[in-house]
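Descriptive analysis of the structure
Residue-level listing of the chains:
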Amino acid sequence: MDDMKKLLSDLHSKAPGLRNSATMALWDCWYFEAGEVAETYIRNGEDLMSLNKFEEAQSHFEKVIKTYPEFAEAHNKLATVLFLLGDYKNSVNECKVTLKMNPYHFGAWHGMGLCLFKLARYSEAIESFKSALEIQPYANINRKYIATCMGNLN
């Protein structure tokens, strides 16, 4: 857990290389959290997504979750594919499951913000993007979405 704290701290570094290394290392930790077999399942589902086989990927990630219900990254990937399918409400729900297991998952915070943005729930989206920024302060895409959301509130 100390390694995780260090990596999360490194996301706040002024050095871009250190931030990028920490980001990649955190993703690796999250992918391997449930073991090597589960990580392979995640990669297989990502392959389906890269081939635009979103329904197959959804079914695949749902099976992974049945086998590994406490695997936060499986829920995050299901949220991603639901977003790609335009099912923003269920994607938000999966992001919430991911964040309950891993409150530092900047990807899930960002993804939930995107879904809330698509649902025109701008105030909630802003909060989600702000949560992502607290963890990953140099991820400027979150600032851009916050500004867009603020513009849509008027």
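Check the entry above for the structure.
The present account deals with the structure reproduced in this document. (Residues numbered from 1 in each chain as written. Predicted model: local features only at pLDDT ≥ 70, side-chain atom pairs only at ≥ 80, totals over all residues. Heavy atoms only, no water.)

Now for the packing of helix α7 (residues 106–118) against helix α8 (residues 122–135). Running from N to C, α7 and α8 point in directions that differ by 160°, and their axes come no closer than 8 Å. It follows that α7 is roughly antiparallel to α8 by the angle criterion. In the packing of α7 onto α8, the handedness of the crossing is left-handed. Of the residues in α8, those touching α7 at F106, W109, H110, M112, G113, L114, L116 and F117 are Y122, E124, A125, S128, F129, S131, A132 and I135. The class makeup of the residues in the contact of α7 with α8 is 11 nonpolar, 4 polar and 1 charged. (Axes fitted to C-alpha atoms, helices over the stretch in contact; angles between N-to-C directions. Helix = DSSP H or I, 4+ residues; strand = E, 2+ residues; numbered from the N terminus. Parallel < 35°, antiparallel > 145°, perpendicular 65-115°, else oblique. Left-handed = near helix turned anticlockwise from the far one by under 90°. Contact = heavy atoms within 4.5 Å. Nonpolar A, V, L, I, M, F, W, Y, C, P; charged D, E, K, R; others polar.)

On to helix α5 (residues 72–84). Taking 1.5 Å of rise per residue, the 13 residues of α5 would be expected to cover 18 Å, and the 19 Å separating its terminal C-alpha atoms lies within 8% of that figure. Across the 13 residues of α5, 10 count as buried, placing the element largely inside the fold. Those residues of α5 that are buried lie in contact with α2 (16–32), α3 (36–50), α4 (54–67), α6 (88–101) and α7. A positive backbone phi angle near 80° is found at G86, which sits one or two residues after α5. (Expected span 1.5 Å × (residues − 1). Buried < 20%, exposed > 50% of the residue type's maximum accessible area, 1.4 Å probe, protein only.)

Further remarks concern the side chain of N76. Take N76: it is sitting in helix α5. The buried category is assigned to N76, whose relative accessible area is 5%. Looking at N76, its side chain comes within polar contact range of the side chain of E73, at 3.0 Å. Apart from residues lying up to four places away in sequence, N76 is in contact with W27, T98, H105, G107 and A108. (Polar contact = N/O pair within 3.5 Å; in protein donor to acceptor, adjacent residues only side chain to side chain.)

Considering the arrangement of structural elements, one finds T98 in helix α6. With sequence-adjacent residues up to four places away left out, T98 is seen in contact with A72, H75, N76, H105 and A108.

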